[in-house]
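Residues per chain, in single letters:
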Amino acid sequence: MGKQRKGSKAAYIVYIVVLFVFFYLPIVVTMVYSFNSSKSLTSMAGFSFRWYGRLIADGSIMKAVFVSVTIAVFATAISTVLGTITAIGLCKSRKILREIMLNVNNIPIMSPDIVTAIGLMLLFSSIAMPKGYYTMLLAHVAFCTPFVITSVYPRVRSLDPSIADAAMDLGATPFQALVKVILPMLKDGIFAGVLLAFTMSFDDFVISYFATGNGVQNISILVYNMTKRINPTINALSTIVILAIAIALIISKLIPDMMKNTMKKILIVGLFLMIGISIFAGTRGSDRTLRIFNAGEYIDPELIAAFEEENNCQVIYETFDSNESMYTKLKSGAKYDLLIPSDYMIERLIKEDMLQPIEWDMVDHTEDLNPKILDLPYDPGNQYSIPYFCGSVGILYDTTVVDEEDLEDGWELLRNTKYKDDIYMYDSERDSFMIALKALGYSMNTDKKEEIDEAFKWLTEQKKTMNCVYVSDEVMDNMISGLKALAVVYSGDGVYVISENEDMNYFEPKQGTNVWCDAMVMTKECEDTDLAYSFMSFMLEYENAKTNSIFVGYTSPILPVAEDLAKTEFEGIDAYEPGFDGANNEVFRYQEKSIKEYFADLWTKVKAY
């Protein structure tokens, strides 16, 4: 019997240890890699405080931390007051009204966040309320209040209804009865609501993403945009947040009771300071403002600061994760001066009359633009766009594993059974179908359903026989670590991987591929066209274009910059020179709705196969 108890106790201890390892090992790994001298998120190259220095120097990160903390504090305070008052009021209401309100309160709790987020976005757009700090705050209050009500209401129901009457019989006013009798008895439920509201607000991404604007972003949005490319600053930021929470918990346990009143005063003063700072946060001395919407991790932040200083202006810089999400936000009423979308999306924006023509004589350094990326089908004559970056889609391969002779197969290399279980496909509908269509000898812009059906069959057979893995931006770090032999990547990502792992190389298949160009375009809502043209000129200046290309890794549209970097920083890296002169290479064109839906339906089946 004793042995059984000891065995059960040992098994229980092992279970607890495994559980804690499961929960906390990822946190430990994050903290360890925050001191990695390399950009890699999986391979340690040495100890360094490099990313902590980068974190402190990056003003956008510090602003995001400030926004997250203040929004969470204010939203928690407001939702706690509203939720507590509502919970008390519901207990005094008629049963039918109480049941209706409780059911209504459960709707945002049970509904997916995306539904609430889109609803709030449409509400702010319909009342023409400028999106920014205050719309995010209101959205968080609306999001957190139901959780507070759910936490406080059961505690209110458990109170004796006669307690408040007894307090008033003893001379207390209704307000005194509430503050000195009722609320102290509800403190456990209120405290649970506070913790839940603060956690939900501080951690939220979806609602924040759709409710914000004017360059206001919290940590969740910033980290999401950082993940579009490898950025170890995320590890440093996460480590600091983890340590701050741990220190706060330790202090709360060690601090003597006699210091609690002092701490309350400090917290109150801190709250008012945050209120004051939030009112004046982000104000500048200049009246000129430029609103830019760009892809995440697609510009050197120092260039934005340099442009602001040079032009005595403020840049409201926001980021998107895809061309489609950018388009959705534009359609929701968000207004920007400059956009930096991809070629096919530019064509769509032109067709829908959302852009204004470019006055080329207002832009400097255009004589240095690479002629190969001008006058492309998406914008003949470049009437609406100024190139920003260009590149291609190709195959990244491990030279120590892949035979050079096999490269002659082009895209069919991805169906060579020699490399089964050793392939990363890029999780992109258009690029995946492009690969299949090109392998079959068709145009990647085809609208013929019989050709699209053949491409669908090619992809499903490849997935079945090769057991390939569909991934997104994590492909970069995985290939740096050499986890697989082959990967479909964008050329700029290939440049980065090759610079970190000399065993990797890149090629564009002979059957042709997608060559693309992202460009700067001006919206019809642009309020300061002179400042917009100044930004375009600034980004085309040799030193600025070179700095940006080194930071991001993609090919500069400025020909002297591209040529110089191909001989120096990216020497020997074929991915830096996309094949715009390739006979079989194409630029994506805008898809009509029916064809786009047909592709989307087949892509869903590919992913589910």
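Refer to the structure above for everything that follows.
Residues numbered from 1 in each chain as written. Predicted model: local features only at pLDDT ≥ 70, side-chain atom pairs only at ≥ 80, totals over all residues. Heavy atoms only, no water.

1. Quick look at the overall build of the protein
If you tally the helices and strands in the protein, you get 24 helices and 9 strands. Dimensions of the protein along its principal axes, counting C-alpha atoms only, are 90 × 75 × 50 Å. Considering the protein as a whole, with its 609 residues, one finds that 48% of them fall into the buried category. Sequence-distant contacts, at least 24 apart, represent 74% of the contacts inside the protein between residues at least 6 apart. About 30100 Å² of surface is accessible on the protein, with carbon and sulfur atoms providing 60% of the total. (Helix = DSSP H or I, 4+ residues; strand = E, 2+ residues; numbered from the N terminus. Buried < 20%, exposed > 50% of the residue type's maximum accessible area, 1.4 Å probe, protein only. Contact = heavy atoms within 4.5 Å. Areas by Shrake-Rupley, 256 points an atom, 1.4 Å probe, with all protein chains shown as cover.)

2. Some details on the pattern of salt bridges
One pass over the full model with this rule turns up 16 salt bridges. Where Asp403 meets Lys418, a salt bridge forms, and the shortest distance between an N and an O atom there is 3.0 Å. In this pair, Asp403 is assigned in the loop between strand S4 (385–398) and strand S5 (423–426) and Lys418 in the loop between S4 and S5, connecting sequence segments 15 residues apart. A relative accessible area of 38% places Asp403 in the partly exposed class. Asp406 is the salt-bridge partner of Lys418, the closest N and O atoms lying 3.0 Å from each other. (Salt bridge = Lys/Arg side-chain N within 4 Å of Asp/Glu carboxyl O.)

3. Some words on the packing of helix H14 (residues 301–311) against helix H21 (residues 529–540)
What describes two packed helices is the angle between their axes and the distance between those same axes. Packing of H14 against H21 leaves a shortest axis separation of 11 Å and a crossing angle of 130°. One way to sum up the angle between H14 and H21 is to call them oblique. Where H14 crosses over H21, the two elements pack in a sense that is right-handed. Between H14 and H21, the contacting residues are Leu303, Ala306, Phe307, Glu310 and Asn311 on the first element and Leu531, Ser534, Phe535, Phe538 and Met539 on the second. Its residues assigned to classes, the contact of H14 with H21 shows 7 nonpolar, 2 polar and 1 charged. (Axes fitted to C-alpha atoms, helices over the stretch in contact; angles between N-to-C directions. Parallel < 35°, antiparallel > 145°, perpendicular 65-115°, else oblique. Left-handed = near helix turned anticlockwise from the far one by under 90°. Nonpolar A, V, L, I, M, F, W, Y, C, P; charged D, E, K, R; others polar.)

4. Remarks on the pairing of strand S2 (residues 314–320)
For S2, the buried fraction is high: 6 of the 7 residues fall into the buried class. In this sheet, S2 lies alongside strand S1 (residues 289–295) in parallel orientation, the contact comprising 7 bridges. Paired with Thr289 across the two strands is Gln314, which belongs to S2. Regarding topology, H14 serves as the crossover connection from S1 to the parallel S2, and that connection is right-handed. (Pairing = 2+ DSSP bridges. Right-handed = clockwise from strand over helix to strand, strands pointing away.)

5. Observations regarding the environment of Tyr506
Its place among the elements puts Tyr506 in strand S8 (residues 504–507). C-alpha separation for the pair Tyr506 and Leu138, spaced 368 residues apart in sequence, amounts to 48 Å. Those residues in contact with Tyr506, other than ones at most four positions away along the chain, are Ser392, Val393, Gly394, Ile395, Leu396, Tyr397, Val489, Ser491, Ile498, Asp574 and Ala575. For Tyr506, the side chain forms a polar contact with the side chain of Ser392, separated by 2.8 Å. (Polar contact = N/O pair within 3.5 Å; in protein donor to acceptor, adjacent residues only side chain to side chain.)

6. Some remarks on the packing of helix H17 (residues 429–439) against helix H24 (residues 593–608)
Where H17 meets H24, the axes come as close as 10 Å, and the angle between the chain directions of the two elements is 85°. With respect to H24, the element H17 is oriented roughly perpendicular. Between H17 and H24, the residues in contact are Glu429, Ser432, Phe433 and Leu437 and Lys596, Phe599, Ala600, Leu602 and Trp603, respectively. Here the contact of H17 with H24 is composed, by residue class, of 6 nonpolar, 1 polar and 2 charged.

7. So, the packing of aromatic side chains
Within this structure, the stated rule accounts for 28 aromatic pairs. A centroid spacing of 5.3 Å and a plane angle of 10° characterise the contact between Phe35 and Phe47, whose relative ring orientation is stacked. Note that Phe35 is positioned in the loop between helix H1 (2–33) and helix H2 (50–57) and Phe47 in the loop between H1 and H2, a separation of 12 residues in sequence. By relative accessible area, Phe35 is classed as partly exposed at 21%. (Phe/Tyr/Trp six-rings, centres within 6.5 Å; stacked < 30°, edge-to-face > 60°.)

8. Quick notes on unusual backbone geometry
Of note, Asn312 is a non-glycine position whose phi angle comes to about 50°, a positive value. Summarising the element assignment, Asn312 is placed in the loop between H14 and S2. Using a relative accessible area of 53% as the deciding quantity, one classes Asn312 as exposed. Backbone geometry at Asn382 places phi at a positive 50°, although glycine is not the residue there. Position of Asn382 relative to the elements: it lies in the loop between helix H16 (343–351) and S4.

9. Considering the environment of Ile346
Within the secondary structure, Ile346 is located in helix H16. For Ile346, a relative accessible area of 0% translates into the label buried. Each C-alpha atom of the pair Ile346 and Val521 lies 7.9 Å from the other, and the pair is 175 residues apart in sequence. Discounting residues that sit within four places of it in the chain, Ile346 has contacts with Pro341, Leu355, Tyr378, Ser385, Ala519 and Val521.

10. Brief notes about H24
With 16 residues, H24 ought to run about 22 Å at 1.5 Å a step, and its terminal C-alpha atoms sit 23 Å apart, in line with that. Within H24, the full set of buried residues consists of Ile595, Phe599, Leu602, Trp603 and Val606. Each buried residue of H24 lies within a common arc of 110° when the element is viewed along its axis, so the set occupies one face. Seen from the buried face of H24, the exposed residues on the opposite side, beyond 90 degrees, are Lys593, Ser594, Thr604 and Ala608. (Expected span 1.5 Å × (residues − 1). Arc of directions from axis to C-beta.)

11. Quick notes on the pairing of strand S7 (residues 486–490)
Extensive coverage of S7 is indicated by the burial of 5 of its 5 residues. Burial along S7 is two-sided: Leu486, Val488 and Tyr490 and Ala487 and Val489, pointing in opposite directions, are all buried. As judged from the 5 bridges shared by S4 and S7, these two strands associate in the antiparallel manner. What sits directly across from Gly394, in S7, is Val489.

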